[in-house]
Amino acid sequence: MTVKVKELMEQAELLAGRAGLEREITSPQVCEPDLSSSAQQKNMVAGVVHLKPAQGAYLRSLARPERSRLIRALVKKNPACIVVTGGAVSQELLTSAEKAGIPVFKTKHLVRLSRFLVEGLRPKVSLHGVLVEIFGLGTLILGESAIGKSEAALDLVLRGHKLAADDVVVLEKNADAIIGSTPDLAADLLEVRGLGIINVRALYGTSATVGSSAVGLVVELEEWKKGRHYSLLGLRERRYRILGVNIPYLKLPVKPGRTMATLIEVAARNQLLKKKGINAARELDRRLKRRLAG
Amino acid sequence: MIKKEVLIENQLGLHARAAAQIVKAACAFSSKITLVKDGLEVDGKSVMGIMMLAAAKGCTLMLHADGSDETDAVARLECLFKDKFGEKE
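Attention here is on the structure that accompanies the text. (Residues numbered from 1 in each chain as written. Chains lettered and ligands numbered in written order. Predicted model: local features only at pLDDT ≥ 70, side-chain atom pairs only at ≥ 80, totals over all residues. Heavy atoms only, no water.)

1. Notes on the sheet that holds strand S4 (residues 60-66) of chain B
Residues and elements named next belong to chain B. To keep it simple, the criterion reads: Only strands joined by at least two bridges in the DSSP assignment are considered to pair. Secondary structure counts use DSSP, requiring at least four H or I residues in a row for a helix and at least two E residues in a row for a strand, with both numbered from the N terminus. Axis definition: a line fitted to C-alpha atoms, over the contacting stretch in the case of helices. Angles run 0 to 180 degrees between N-to-C directions.
Taken in spatial order, the four strands make up an open sheet running S1-S4-S2-S3, and their pairing is antiparallel. Each end of this open sheet is capped by a strand with a single partner; those strands are strand S1 (2-7) and strand S3 (40-43). Neighbour-to-neighbour, the strand axes of the sheet open up by a mean angle of 25°, direction not taken into account. Judged from the six bridges that link them, S1 and S4 form a sheet pairing that is antiparallel. Looking at S4, one finds that Val6 is bridged to Leu61.

Put into structure tokens, the structure is as follows:
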């Protein structure tokens, strides 16, 4: 994942280096060099460099040749961009950065800028599926086109659950959680074959949708194939890996007469129960073993 | 699996009607069809997905087809892009 320097324009004021706005930032780490120490400058990483107010004051306190030397050294490190907070900005810094095509920004809200970087550079992936929040559990429904994912989602919404994303689900890793959301363009919309695109929020009210949801269960719908084995007991728990995180997973065969929404809702309830340590299959197994032991 | 790069040449880009034409064409094939732009991967048989790419004129997309009729599928879809989705200039 990368963030382009120009995306910072909304977070901070551009002072110089417009030519470098297409540069890419690959790490959310903001480097804060101490210009008075030569050792630290050597370790500086080329990413976003933040010059603290004290550094600006230090630059101003120096005689011109020394100041120019430090600024040249800083620019030579080729940071993606330089962010200055507080105080006046040295004209020499602006001139050198402009020449080198390194954007210089000024901001009062470094925290906001930093958060923007962290969010923008989080591992991200998009999947074809539907995300519905069922009793607070983000349930990602996968399966081939036209298998009935959106129809199941509509049924779930009618039962009071919340639609988070239809068709394209953007998944981001936040610590150990996978957060799913919809691209802005598709917010609140659902596509149902034969009906076209419908606005779930307009039809069913604000409580029918949710902006994002942590994925706690993955359900894959699959056409029922004769001879294929499907889980009978549910003793073995399967996982689906998203961005390195394992999420409980199950495959549900679709067949006329099986109401997918009911099954998915039960799967979500069951998952919530399992989280509390109640597992029906294991319970049955235990009872049976007790009986057999006499 | 076949991968092919396509350029969007029509003035309006991948708007709703163009997206619908792609889906209509894609659904005639059994292969799994995927469109990719800037790391966003969408199902070629879903009109919403294609519109989510927000692909304007001049963009290039990758067209992926995987299945028994993948060659024909890619050829048919490529034609649509070249034909500018029947748009008049």
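Once you've had a look at it, read on.
2. Let's talk about the pairing of strand S14 (residues 212-223) of chain A
All names here are of chain A. Looking at chain direction, strand S9 (residues 137-142) and S14 are connected through five bridges and run parallel. Note on S14: the bridge partner recorded for Thr139 is Leu217. The pairing of S14 with strand S16 (residues 245-254) spans six bridges and is classified as parallel. When the bridges of S16 are listed, Glu223 appears paired with Val254.

3. What about the nonpolar core?
Inclusion rule: Working definition of a nonpolar core: buried Ala, Val, Leu, Ile, Met, Phe, Trp, Tyr and Cys residues. They are joined through side-chain atoms within 4.5 Å. The buried label applies to any residue whose accessible area, calculated with a 1.4 Å probe on protein chains only, is under 20% of its type's maximum; exposed applies above 50%, and partly exposed to all values in between. Only heavy atoms matter for contacts: two residues are in contact if any of them lie within 4.5 Å across the pair.
Ranked by size, the top nonpolar core spans 33 residues in total, and within it Leu14, Ile22, Ile33, Leu35, Leu61 and Phe81 of chain B carry the most contacts. Listed by contribution, the elements that provide at least two residues to this core are helix H1 (16-26), strand S2 (32-37), S3, helix H2 (47-52), S4 and helix H3 (70-82) of chain B. Top element by residues in this core is H1 of chain B. It accounts for six residues. Residue contacts for Leu35 of chain B: discarding those within four places in its chain leaves Ile22, Leu40, Glu41, Val42, Gly44, Ile50, Leu53, Leu61, Met62 and Leu63 of chain B. Membership of the second largest hydrophobic core comes to 27 residues, among which are Leu137, Ala153, Ile198 and Leu252 of chain A.

Keep in mind these values describe shape, not function.
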